[in-house]
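Each chain is listed here by its residues.
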Amino acid sequence: MFESRFEFSLDDNIAGTIYTTKKKNKKLNIVIYVLLGICLLFAIISLILDIILGDSIIFDILLILLSIGVIIYHFYSPKMWKKSAIKTYNEYIAENKYCVVSIDDDSCRVSFYKENEEVSKRVLDLNNITACFEDEERFVIVFDKSQFVVVRKEKLSGRIELLRDKIEQYLNDEGIIYVTKREIKKMA
């Protein structure tokens, strides 16, 4: 059994939100890139043809501007995820930030406490792990592509290598992804 008792920080919530959302949107990002490429190519070809033929170019310009708008939105979405994580933390977690995460043979229990009294508890099945991210300070374990659990390494009872092995045993994806501080800054 592994257990981690710690003060759940704003950085933990931001890391969990960004990692989870980025993983969840991975396939959507590929679709967006392909569709934007096709859309921009079509708009440029149509613009050139309309200029040659002397037709109106308003639709072509609107299509190009819409594509640029989607690109800008896509690149600024991690900043929006970060703002959402900050808002969620301040509204729901800040008062009840003492966290206890227990991982046993088949489940993960997460409890939040306020003044030594349990205020919320979740029990998650380890068979539902869809991703896991690791950085210098924490593991972020993602369940059902939308819920995340943060395990702080320095507060972990049990060996980190054994926890990695246990997570990889249940993980159906490509394995634990190690994220550096440079990549975290790029995401946020």
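What counts and what doesn't
Residues numbered from 1 in each chain as written. Predicted model: local features only at pLDDT ≥ 70, side-chain atom pairs only at ≥ 80, totals over all residues. Heavy atoms only, no water. Salt bridge = Lys/Arg side-chain N within 4 Å of Asp/Glu carboxyl O. Helix = DSSP H or I, 4+ residues; strand = E, 2+ residues; numbered from the N terminus. Buried < 20%, exposed > 50% of the residue type's maximum accessible area, 1.4 Å probe, protein only. Pairing = 2+ DSSP bridges. Contact = heavy atoms within 4.5 Å. Axes fitted to C-alpha atoms, helices over the stretch in contact; angles between N-to-C directions. Core = buried A, V, L, I, M, F, W, Y, C linked by side-chain atoms within 4.5 Å.

Student: So what exactly am I meant to see when it comes to the pattern of salt bridges here?
Tutor: Close approach of charged atoms allows side chains of opposite charge to pair. Here the structure, examined in full by the defined rule, presents 12 salt bridges. A salt bridge links Arg-152 to Asp-12, with the nearest nitrogen and oxygen atoms 3.0 Å apart. In this pair, Arg-152 sits in strand β7 (residues 147–152) while Asp-12 sits in helix α1 (residues 10–24), placing the two residues 140 residues apart along the sequence. Take Arg-152 and Asp-12: they sit in the same class, and that class is buried. When the shortest N-O distance is used, the salt bridge between Glu-154 and Arg-152 registers 3.1 Å. Since its relative accessible area comes to 13%, Arg-152 is described here as buried. A single salt-bridge network, built from bridges that share partners, covers Asp-12, Asp-135, Glu-137, Arg-138, Arg-152 and Glu-154.

Student: What is the right way to look at the sheet that holds β7 in this model?
Tutor: The four strands lie next to each other as β7-β6-β5-β9, forming an open sheet whose pairing is mixed. Across the chains shown, the open sheet's two edge strands, defined by having one partner strand only, are β7 and β9 (177–178). By the bridge criterion, six bridges tie strand β6 (residues 138–143) to β7 in an arrangement that is antiparallel. For Val-140, the partnering residue across the bridge sits in β7 and is Val-150. Contacts between α1 and the sheet are confined to β5 (129–134), β6 and β7, with β7 contributing the most and set at about 135° to the helix. Sitting on the sheet, helix α4 (residues 160–170) is in contact with β5, β6 and β7, with an inclination near 15° to β6.

Student: In this structure, what is going on with the environment of Arg-164? I would like to understand it.
Tutor: Following the sequence through the fold, Arg-164 ends up in helix α4. By relative accessible area, Arg-164 is classed as partly exposed at 25%. As for Arg-164 and Ile-176, which are separated by 12 residues in sequence, their C-alpha atoms are 7.7 Å apart.

Student: How should I be thinking about the environment of Ile-18 in this particular structure?
Tutor: Structurally, Ile-18 is set in helix α1. When its relative accessible area of 4% is taken as the criterion, Ile-18 is described as buried. Considered as a pair, Ile-18 and Ala-85 are 67 residues apart in the sequence and their alpha carbons are 8.3 Å apart.

Student: Would you mind going over the pairing of strand β1 (residues 2–7) with me for this structure?
Tutor: Every other side chain in a regular strand lies on the same face of the sheet, so the side chains alternate between the two faces. Burial of β1 is one-sided: the residues Phe-2, Ser-4 and Phe-6 facing one way are buried, the residues Glu-3, Arg-5 and Glu-7 facing the other way are not. By the bridge criterion, six bridges tie β1 to strand β2 (residues 98–103) in an arrangement that is antiparallel. Paired with Phe-6 across the strands is Cys-99, a residue of β2. Where β1 lies against strand β8 (residues 156–157), two bridges are found, and the strand directions are antiparallel. Within β8, the position partnered with Glu-3 by the bridge is Ser-157.

Student: Help me understand the nonpolar core, please; the structure alone is not making it clear to me.
Tutor: Soluble globular proteins tend to pack their nonpolar side chains together in the buried interior. Counting residues in each nonpolar core, the largest one holds 35 residues, and the members touching the most others are Phe-8, Val-101, Ile-103, Cys-108, Ile-141 and Val-151. If sequence neighbours within four positions are ignored, Cys-108 has contacts with Val-101, Ser-102, Ile-103, Arg-122, Val-123, Leu-124, Leu-126, Phe-143 and Val-149.

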